Amino acid sequence: MKLLHPFFGSRDDRLGERLPPRGVRIAAYAVLFLLGAAVSVCGAFVQALWAPVGVLLALLACAGLFYGGLRATGTKLGAGAPLAGWFVVLAVLLAPRPEGDLVLSATATAYAYLFGGSVLGVVCATLPTRSGFLFGVPAPQPRQAVKDGGQ
């Protein structure tokens, strides 16, 4: 795992970086949600174009957005916001239309896109961040041992 530390960094590296101001993070979450929705729509159509390459391209776009959101905001919600937008749009695209049209049909590439994007989003949300918790709240101080019964 030490081979990936220059790219992903360690928890100590991420905690040493400063978080963006709170207002910037809130605006970034909204933009990342909308970008997740856009990547979802584009990926739904790209994955069906070229059999193996389209799925890889769509998943690469998902991974880039999820990891980019994580690094830009410094919080796990930075990866969760685009993942939420991605899921909301996919839920709409999975439903059949009254005319009988489907955007995502029951094919291997569609399932690979759904499963792969979900896994990438969860993996990016579990990578080390600059904050201890989801929203950038500092981690609580560890409890100290009490000697001699607290006297």
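Structure: above.
This write-up is about the structure you can find in this document. The structure presented is a predicted model; accordingly, all values stated were derived computationally and were not measured. (Residues numbered from 1 in each chain as written. Predicted model: local features only at pLDDT ≥ 70, side-chain atom pairs only at ≥ 80, totals over all residues. Heavy atoms only, no water.)

1. What about the overall build of the protein chain?
And then number 1: Within the protein chain, the secondary structure is distributed over 6 helices and 0 strands.
And then number 2: Burial analysis of the protein chain (151 residues in total) assigns 34% to the buried set.
And then number 3: For the protein chain, restricting intrachain contacts to residue pairs at least 6 apart in sequence, the fraction spanning at least 24 positions comes to 79%. (Helix = DSSP H or I, 4+ residues; strand = E, 2+ residues; numbered from the N terminus. Buried < 20%, exposed > 50% of the residue type's maximum accessible area, 1.4 Å probe, protein only. Contact = heavy atoms within 4.5 Å.)

2. Here's the deal with a nonpolar patch on the surface
And then number 1: Together, Leu49, Trp50, Val53, Leu57 and Leu60 make up a nonpolar patch on the protein surface, roughly 540 Å² of accessible area in all.
And then number 2: With 3 residues, helix H4 (residues 51–73) is the largest single contributor of residues to the nonpolar patch.
And then number 3: Residue class for Leu57 comes out partly exposed when judged on its relative accessible area of 43%. (Patch = residues over 30% accessible without salt bridge, like charges linked within 9 Å, V, L, I, M, F, W, Y side chains within 5 Å. Areas by Shrake-Rupley, 256 points an atom, 1.4 Å probe, with all protein chains shown as cover. Salt bridge = Lys/Arg side-chain N within 4 Å of Asp/Glu carboxyl O.)

3. Some words on helix H6 (residues 108–125)
And then number 1: The end-to-end C-alpha separation of H6 is 26 Å, in line with the 26 Å expected for 18 residues at 1.5 Å each.
And then number 2: Inspection of H6 places Ala110, Tyr113, Leu114, Gly116, Gly117, Ser118, Gly121 and Cys124 among the buried residues, and these make up the whole buried set.
And then number 3: Looking at the buried side of H6, the elements it contacts are helix H3 (22–49), H4 and helix H5 (77–94). (Expected span 1.5 Å × (residues − 1).)

4. Points about the nonpolar core
Considering soluble globular proteins, one finds that nonpolar side chains tend to be buried as a cluster.
And then number 1: Ranked by internal contacts, the top residues of the largest apolar core, which has 26 residues, are Cys62, Phe66, Trp86, Leu90, Leu104 and Tyr113.
And then number 2: When contributions to this core are tallied by element, the ones reaching two or more residues are H3, H4, H5 and H6.
And then number 3: The residues touching Leu90, leaving out its near neighbours within four places in the chain, are Ser40, Leu104, Tyr113 and Leu114. (Core = buried A, V, L, I, M, F, W, Y, C linked by side-chain atoms within 4.5 Å.)

5. Some points on the packing of aromatic side chains
And then number 1: Enumeration over the complete set of coordinates arrives at 3 aromatic pairs.
And then number 2: Between Phe66 and Trp86 the ring centres are 6.3 Å apart and the planes differ by 90°, which places this aromatic pair in the edge-to-face class. Pair noted here: Phe66 is in helix H4 and Trp86 is in helix H5, with a separation of 20 residues, a long-range link.
And then number 3: Ring plane angle 65° and centroid distance 5.2 Å describe the contact between Trp86 and Phe87, whose orientation is recorded as edge-to-face.
And then number 4: Members of the aromatic cluster, connected to one another through ring pairs, are Phe66, Trp86, Phe87 and Tyr113. (Phe/Tyr/Trp six-rings, centres within 6.5 Å; stacked < 30°, edge-to-face > 60°.)

6. Side note on the packing of H3 against H5
And then number 1: With their axes 7 Å apart at the nearest point, H3 and H5 run at an angle of 40° to one another. By the angle between their axes, H3 is oblique relative to H5. The handedness of the crossing between H3 and H5 comes out as right-handed. Residues Tyr29, Leu32, Phe33, Gly36, Ala37, Val39, Ser40, Val41 and Ala44 of H3 form the contact with H5, whose participating residues are Leu77, Gly78, Ala81, Pro82, Ala84, Gly85, Trp86, Val88, Val89, Leu90 and Leu93.
And then number 2: Per-class residue counts for the contact of H3 with H5 are 16 nonpolar, 4 polar and no charged. (Axes fitted to C-alpha atoms, helices over the stretch in contact; angles between N-to-C directions. Parallel < 35°, antiparallel > 145°, perpendicular 65-115°, else oblique. Left-handed = near helix turned anticlockwise from the far one by under 90°. Nonpolar A, V, L, I, M, F, W, Y, C, P; charged D, E, K, R; others polar.)

7. Here we look at the environment of Val88
And then number 1: Relative to the elements of secondary structure, Val88 occurs in helix H5.
And then number 2: With 48 residues separating them in the primary sequence, Val88 and Ser40 have C-alpha atoms 8.9 Å apart.

8. Some thoughts on the packing of H3 against H6
And then number 1: The interhelical angle for the contact between H3 and H6, taken along N-to-C directions, is 150°, at an axis separation of 9 Å. In this view, H3 runs roughly antiparallel relative to H6, as classed from their interaxial angle. Crossing of H3 over H6 shows right-handed handedness. Contacts from Val39, Ser40, Gly43, Ala44 and Gln47 in H3 reach Thr109, Ala110 and Tyr113 in H6.
And then number 2: Here the contact of H3 with H6 is composed, by residue class, of 4 nonpolar, 4 polar and no charged.

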